[in-house]
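Examining the three-dimensional arrangement
What follows is the residue order along each chain.
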Amino acid sequence: MRALLYLVMTRIKNMIKDCKKHPSRLILLLFFIAMMVIVIIGAYSSPTEVNELRDINEIFAIVFAFYGFLFCTTIMIGFSSGASFFKMADINLLFQTPISTKRILIYGLFRQLGTSIWVGFFIFFQYSILHNTYGINFLGLLSIFIGYCLIFFCSQLTAMAIYSYTCNDDKKKKILKSVIIGVLSIILLYIFKDLFFTSTNKLQAIVSSVNAKWLNFIPIIGWLKAFVVGIISGDIIYLIGGILATLAYVALFVYIVSTMNSDYYEDVLQATEVSYSAITAAKEGKIKETPHKVKTGKTGLKRGNGSNVFFYKHMLEDRRSGIFLLDRNSLIFIVVCIGFGFFTKESGSILPAFAFATYMQLLTSSLGRWVRELIYPYIYLIPDNAFKKLICITKENMLKIVLEAILIFVPLGIILNASALDVLACILARIGFGMLFMAGNILIERLFGQIVNKTLIIFLYFIVMIVLMLPGVLAGVFLALRFSEELIPIIVMGCMFIWNVIVASVITYFCKDILNYAELNNR
């Protein structure tokens, strides 16, 4: 055990020393801390009246849905590749040492808990919204954060147990998967039954169903939701019951994993390799796709000439790996934005939903398939104008941006009873932001394509995006103040769309040299 304790302490010391060798990481950490402090101060600087706060049961329902989605999607991975608490260095070195596998498992569990804390750090940035909308104090936010860390940790542990139990038996895998899907279907039918039998406030009916007491007995999801409810509402029974049940669950599954298969080397090897490949690709700014099942269908492009062939190539790849040209993350993002619209229905405006969708778009903006073409020689060999080639390889991403905008704001317009003109303005404004964010990625690739350390690049990306979009937002707000209230959404979004399209076009044109010199993108 002393060897593992020494390893943990050495890792902590190396992380501190690494901040000295790589100041960009320290700057990024300080920036996030400063932003969190600003968010907290901003929440208290504009207090909301008690009678203006929304029903606290809504946040309990959101917590249950959030925890449930994270837990269920993670444990389903256990039926294919499993989950791993280790890295390739552990596989190659730690597993070869004469240390008990149970102690190595405990080491991996504690390190995974530390990873969960880092992953959940983004929750603190939601404090201003939660405090001003639901009146949640910092202790309540901390309980949501702790619940998130525990749900992330328990889901990984459960996925490992499922994989160890079913990896060599397809019959067990089918039975267990059917049981889990069946239980989830029953829960979802109970929650959404009021959509069909209630004609008044459907949102309130769903919130009441989610907060039913019997759902608190659902392992991990309900227990941790009860823990959050206990902290926020001051119910000591919910608090103690939820946390004790979760700790018992962790102890039970640690025992199951350690005794089910004493030599779990083979069980974690595949999951570790997949995780390592994905992390390495992300650090290098590459797109790593390793689908277990690929829909082949028709083969061959059969369309496209010159540089335009890349558009049809990307469309074919999207058809094989996604749904309606959209991947799983895009579909989740669309559902989340539409779900947010139900909670802003009483505002009578589509602007809060648009602001949330844009905020999420900035955080989840992906590079797209075009960036992968930069590391292959084919795009550079086509004898065509560099600007035209750049437009062609980004056309697929543009189509996704348009499709996402329509799938988000048409349903939101129906839910919020917005006018067709307001919905059209939101769609155009979102397309403009999508073009701006894509142009920002092109600019970052043009300036910093050779830098392997992406920490500084992410930091610069957010700063650059905020600076570029700010003039359009300010211009829209300034002009909107001179018109009637009904025209405010259209004026604001119209200004943002025009500004973003102009800036994106200028950036894209002046970054066309990214396809003239392959050495700029040599990774």
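Below, the structure is looked at part by part.

Let us now look at the packing of aromatic side chains. Working definition: an aromatic ring pair is given by the centre-to-centre distance plus the angle between the planes. Scanning the model with the defined rule gives 12 aromatic pairs in all. Between F354 and F433, the ring centres sit 6.3 Å apart and the planes meet at 50°, which makes this aromatic pair tilted. With F354 in helix α16 (residues 351-364) and F433 in helix α20 (residues 420-448), the pair connects residues that are 79 residues apart, well separated along the chain. Exposure class is identical for F354 and F433. Each is buried. Considering the side-chain rings of F433 and F437, the 5.9 Å spacing of their centres and the 35° angle between planes classify their relative orientation as tilted. Of this pair, F433 and F437 are both found in helix α20, 4 residues apart, which corresponds to roughly one turn of the helix. Of the two residues examined, F433 and F437, each falls in the buried class.

At a minimum axis distance of 9 Å, the contact between helix α3 (residues 56-75) and helix α10 (residues 202-210) shows a crossing angle of 65°. At the point where α3 passes α10, the crossing takes the left-handed sense. In contact with N57, E58, A61 and F64 of α3, α10 contributes L203, V207 and V210. In the contact of α3 with α10, the residues fall into 5 nonpolar, 1 polar and 1 charged.

Another point: the nonpolar core. If you look at the biggest cluster of nonpolar residues, it comprises 57 residues, and the most contacted ones within it are F354, L374, I393, F409 and L515. For this core, the secondary structure elements donating two or more residues are α15 (328-343), α16, α17 (370-373), α18 (378-381), α19 (386-415), α20, α21 (454-480) and α22 (488-510). The leading source of residues in this core is α20, at 14 residues. Setting aside residues up to four positions removed in sequence, F354 forms contacts with F409, C426, A429, R430, F433, M493 and M496. Of all hydrophobic cores here, the second largest spans 56 residues; its members include A61, I144, F152 and I187.

What counts, and where the lines are drawn
- Residues numbered from 1 in each chain as written.
- Predicted model: local features only at pLDDT ≥ 70, side-chain atom pairs only at ≥ 80, totals over all residues.
- Heavy atoms only, no water.
- Phe/Tyr/Trp six-rings, centres within 6.5 Å; stacked < 30°, edge-to-face > 60°.
- Helix = DSSP H or I, 4+ residues; strand = E, 2+ residues; numbered from the N terminus.
- Buried < 20%, exposed > 50% of the residue type's maximum accessible area, 1.4 Å probe, protein only.
- Axes fitted to C-alpha atoms, helices over the stretch in contact; angles between N-to-C directions.
- Left-handed = near helix turned anticlockwise from the far one by under 90°.
- Contact = heavy atoms within 4.5 Å.
- Nonpolar A, V, L, I, M, F, W, Y, C, P; charged D, E, K, R; others polar.
- Core = buried A, V, L, I, M, F, W, Y, C linked by side-chain atoms within 4.5 Å.

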